[in-house]
Amino acid sequence: MEEAKNSNDLGHGELNQWSVVGKVEELKTKSCRKVFMKESCNLALFYVKAKNRFYLTNSACPHARGPLEQGDIEEAGDSYTVTCPLHYYSFDLETGESSTGLRLAVYKTEIRGGDLYALTPRPVSLKKLS
């Protein structure tokens, strides 16, 4: 299982649930893509080929809501970061931490068979949900 730092109870009475994001082989074809969460914010799914690992975060930068799915993934020692294309703030993909003190929400992912699952407060999809 791929771990990320995120509480199972979001403090709003919502408990996280596992949802299928998509087929692993299809998802590996892009390093960044937008994922839609039902009646909530959009997410960004990152695939780091060097680690053969998926990371799932909020898609909006907590600084100025920049589109992180359009950001650059960079190696930072033992970890990887995404850099916001607006103001170049970087966030660790595993912890969501930034040297600026801002923190990005991150979600657990898990590969089961040929599918990628995500632990999120609402169902997710590669297509916009209503």
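Thresholds, definitions, all that
Residues numbered from 1 in each chain as written. Predicted model: local features only at pLDDT ≥ 70, side-chain atom pairs only at ≥ 80, totals over all residues. Heavy atoms only, no water. Helix = DSSP H or I, 4+ residues; strand = E, 2+ residues; numbered from the N terminus. Buried < 20%, exposed > 50% of the residue type's maximum accessible area, 1.4 Å probe, protein only. Contact = heavy atoms within 4.5 Å. Areas by Shrake-Rupley, 256 points an atom, 1.4 Å probe, with all protein chains shown as cover. Polar contact = N/O pair within 3.5 Å; in protein donor to acceptor, adjacent residues only side chain to side chain. Pairing = 2+ DSSP bridges. Axes fitted to C-alpha atoms, helices over the stretch in contact; angles between N-to-C directions. pLDDT = per-residue confidence, 0-100. Core = buried A, V, L, I, M, F, W, Y, C linked by side-chain atoms within 4.5 Å.

(A) The arrangement of the overall build of the protein in detail. Helix and strand counts for the protein stand at one helix and eleven strands. Written out in order from the N terminus, the α and β elements of the protein read β-α-β-β-β-β-β-β-β-β-β-β. For the protein, buried positions account for 45% of its 130 residues. Across the protein, the fraction of contacts at a sequence separation of at least 24, relative to all contacts at a separation of at least 6, is 53%. Accessible surface for the protein amounts to roughly 7000 Å². Of this, 46% is attributable to carbon and sulfur atoms.

(B) Geometry of the environment of Pro-67. Of note, Pro-67 is situated in the loop between strand S4 (53-58) and strand S5 (72-76). A relative accessible area of 22% places Pro-67 in the partly exposed class. Discounting chain neighbours no more than four positions away, the residues touching Pro-67 are Ser-59, Pro-85 and Leu-86.

(C) Structural view of the side chain of Ser-98. Examined against the element boundaries, Ser-98 turns out to sit in the loop between strand S7 (90-92) and strand S8 (106-107). Exposure remark for Ser-98: the relative accessible area of 14% places this residue in the buried category. Within polar-contact distance, the side chain of Ser-98 engages the side chain of Thr-100 at 2.9 Å. Those residues within four positions of Ser-98 in sequence are excluded, and the remaining contacts are Ser-90 and Phe-91.

(D) Representation of the sheet that holds S5 within the structure. In spatial order, the strands read S5-S6-S7; together these three strands make up an open sheet with antiparallel pairing. For this open sheet the edge positions go to S5 and S7, each flanked by a neighbour on one side alone. Put simply, the sheet's adjacent strands are angled 35 degrees from each other on average, direction ignored.

(E) Structural view of the confidence of the model for the protein. This prediction gives the protein a mean pLDDT of 89; 88% of its residues lie at or above 70. A low-confidence stretch, residues 1-13 stays under pLDDT 50, and its non-local contacts, those more than four residues away or across chains, total 32 contacts.

(F) Representation of the nonpolar core within the structure. Judged by nonpolar contacts, the single largest core of 14 residues is most densely connected at Val-21 and Leu-45. Contributing elements (two or more residues each) for this core: helix H1 (24-27), strand S2 (32-37), strand S3 (42-48), S4 and strand S10 (115-120). Looking at which element gives the most residues to this core, the answer is S3, with three residues. Not counting chain neighbours up to four residues away, the residues in contact with Leu-45 comprise Val-21, Leu-27, Ser-31, Cys-32, Arg-33, Val-35, Phe-54, Tyr-55, Leu-56 and Leu-116. Membership of the second largest hydrophobic core comes to 13 residues, among which are Val-48, Phe-91, Leu-93 and Leu-104.

(G) Spotlight on the environment of Ser-31. Inspection of the secondary structure puts Ser-31 in the loop between H1 and S2. Overall, the relative accessible area of 40% leaves Ser-31 in the partly exposed class. Residues Ser-31 and Val-48 lie 17 residues apart in sequence; the distance between their C-alpha atoms is 6.5 Å. When residues no more than four places from it in sequence are discounted, the contact partners of Ser-31 are Leu-45, Phe-46, Tyr-47 and Ile-73.

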